[in-house]
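Chain by chain, the residues run as shown.
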Amino acid sequence: METGQPSRTALAVALARAEHQTLDDPRIFTDPFASRVVGDSAPAGEFDGVDPELARVRRLVIAARSRFADDRVAAAIARGTRQVVILGAGLDTSAYRNRHPDVRYFEVDHPETQSWKRNRLRAAGIEPPPTLTFAPVDFERSTLAGGLAAAGLDRAAETIFVWLGVVVYLTRGSIDETLGVIAGGRADLVFDYPAPPAPESAAEQRARADRVAAAGEPWLSYFTADETRTLLKGFGFALREDRTAGDLLSEYGIRTTHPIGSGIRLVHATTR
């Protein structure tokens with residue numbers, strides 16, 4: 001990660017959300033801010049030489065996980081939750097799409113990515129809402145609990161944590177630390193994780209892993225569904241959902257048989 005710049009993967013994910021708004025039909029996730037936040041900073045060559053169908057499926061998987069998270073956040077808010085924490089927020093725009101003046105959002109991310117994002121917001125003329133608090137935390141070097149406390153999160157109040165596109169880049173120690181912090185309060189947790197590559201997609205997964213590793217963001221952690229269930233249970237979570245991205249795409253009316261859809265799983269768990 002270069003000083004003053006976001007992570008390459010955060011930028012690529014934001015670009016996928018932006019392109020989904022115009023390239024895919026049906027559109028399964030609506031984000032009116034995505035293109036403005038990305039601006040002209042899209043990573044060059046991200047999909048050079050990539051099969052168009054593979055690029056489409058990757059884009060749809062990112063849209064599906066965003067839709068999954070948005071729907072679970074909406075359900076939590078309907079039940080009375082008034083705090084939303086976006087872990088590893090990147091260029092996420094959910095706080096800007098929040099229509100509830102009494103719901104507080106907290107964006108947690110690496111200080112460099114967060115600084116770049118705030119500059120991009122200013123350049124795009126997007127004003128952070130008064131319901132948003134930035135909480136700069138380096139997941140591998142700083143304490144998440146300390147960062148949330150400094151940002152003013154009320155640990156006694158019900159909170160939903162959204163943790164997308166992060167687990168694969170963390171060590172097991174950092175994953176355990178994060179789960180431990182979340183488990184310390186009344187919380188919902190939405191996150192995604194990669195399953196070990198299936199034989200039919202292993203070559204593509206290795207190629208993608210090599211590209212992000214070359215950008216300084218190597219993939220470190222994979223889990224099976226059984227391992228994820230055991231991990232969550234160990235921290236006192238009740239597993240509500242653990243679904244493949246492919247299953248979600250089918251639910252949202254998207255047809256694809258590409259194996260990448262079964263390689264990413266979306267989870268909803270609670271501490272109650």
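Notes on the structure in this doc start here. (Residues numbered from 1 in each chain as written. Predicted model: local features only at pLDDT ≥ 70, side-chain atom pairs only at ≥ 80, totals over all residues. Heavy atoms only, no water.)

## Brief notes about the sheet that holds strand β7 (residues 264–270)
Basically, it comes down to this: A pair of strands is labelled paired if DSSP reports no fewer than 2 bridges between them. Counting from the N terminus, the helices are the DSSP runs of H or I reaching at least four residues and the strands are the DSSP runs of E reaching at least two. Only the contacting stretch of a helix is used when fitting its axis, a line to C-alpha atoms as for every element, and angles between N-to-C directions run 0 to 180 degrees. We call two residues contacting when some pair of their heavy atoms lies within 4.5 Å.
Judged by pairing direction, the sheet is mixed, and its seven strands sit side by side in the order β3-β2-β1-β4-β5-β7-β6 without closing on themselves. Each edge of the open sheet carries a strand with a single partner, namely β3 (132–136) and β6 (238–244). With direction set aside, neighbouring strand axes in the sheet form an average angle of 15 degrees. In the sheet, strand β4 (residues 159–163) pairs with strand β5 (residues 187–194) via five bridges, with the strands oriented parallel. Its bridge partner being in β5, Val-162 is matched across the sheet by Val-190. Set on the sheet, helix α3 (residues 52–79) makes contact with β1 (83–87), β2 (104–109), β4, β5, β6 and β7; between it and β7 the angle comes to about 10 degrees.

## Some details on the side chain of Asn-98
Counted only if it meets this: Think of a polar contact as two N or O atoms within 3.5 Å of one another; within protein, one of them needs to be a possible hydrogen donor and the other a possible acceptor, and neighboring residues in sequence only count if both atoms come from side chains.
Residue placement: Asn-98 occurs in the loop between β1 and β2. Within the structure, Asn-98 has its side chain in polar contact with the backbone nitrogen of His-100 (distance 2.9 Å). Of the polar contacts made by the side chain of Asn-98, one reaches the backbone oxygen of Val-103; its length is 3.2 Å. When sequence neighbours within four positions are dropped, the list of residues in contact with Asn-98 reads Val-103, Tyr-105 and Thr-131.

## Regarding the pattern of salt bridges
Test applied: Each salt bridge in this description consists of a side-chain nitrogen of Lys or Arg and a carboxyl oxygen of Asp or Glu lying within 4 Å of one another. Buried means the residue's accessible area, taken with a 1.4 Å probe over protein chains only, is under 20% of the maximum for its type, while exposed means over 50%, and partly exposed covers the values in between.
On inspection of all chains with the given rule, the structure shows 18 salt bridges. Of the charged contacts in the structure, one is a salt bridge between Asp-71 and Arg-67, with a shortest N-O distance of 3.1 Å. With a gap of four residues between them, Asp-71 and Arg-67 both fall in helix α3, about one helical turn apart. The exposure class assigned to Asp-71 is partly exposed, which follows from its relative accessible area of 33%.

## Brief notes about the nonpolar core
Formally: Here the nonpolar core consists of buried residues drawn from Ala, Val, Leu, Ile, Met, Phe, Trp, Tyr and Cys, with membership extended through side-chain atoms lying within 4.5 Å.
Core analysis: the largest hydrophobic core is formed by 44 residues, its most contacted members being Ile-28, Tyr-96 and Tyr-105. A per-element tally of this core places α3 first, with eleven residues. Other than its neighbours up to four places away in sequence, Tyr-105 contacts Val-73, Ile-77, Val-84, Ile-86, Ser-94, Ala-95, Asn-98, Thr-131, Leu-132 and Thr-133.

## As for the packing of aromatic side chains
For clarity, the cut-off: Each aromatic pair joins two rings of Phe, Tyr and Trp (for Trp, the six-membered one) with centres within 6.5 Å, and gets the label stacked for planes under 30 degrees apart, edge-to-face for over 60, and tilted for any other angle.
One pass over the structure, following the stated rule, counts four aromatic pairs. Measuring from ring centre to ring centre gives 6.2 Å for Phe-191 and Tyr-193, while their planes differ by 40 degrees; the resulting arrangement is tilted. Side by side, Phe-191 and Tyr-193 carry an identical accessibility label, which is buried. Cluster of aromatic residues (ring-pair linked, three or more members): Trp-163, Phe-191, Tyr-193 and Phe-223.

Honestly, it's all geometry; don't read function into it.
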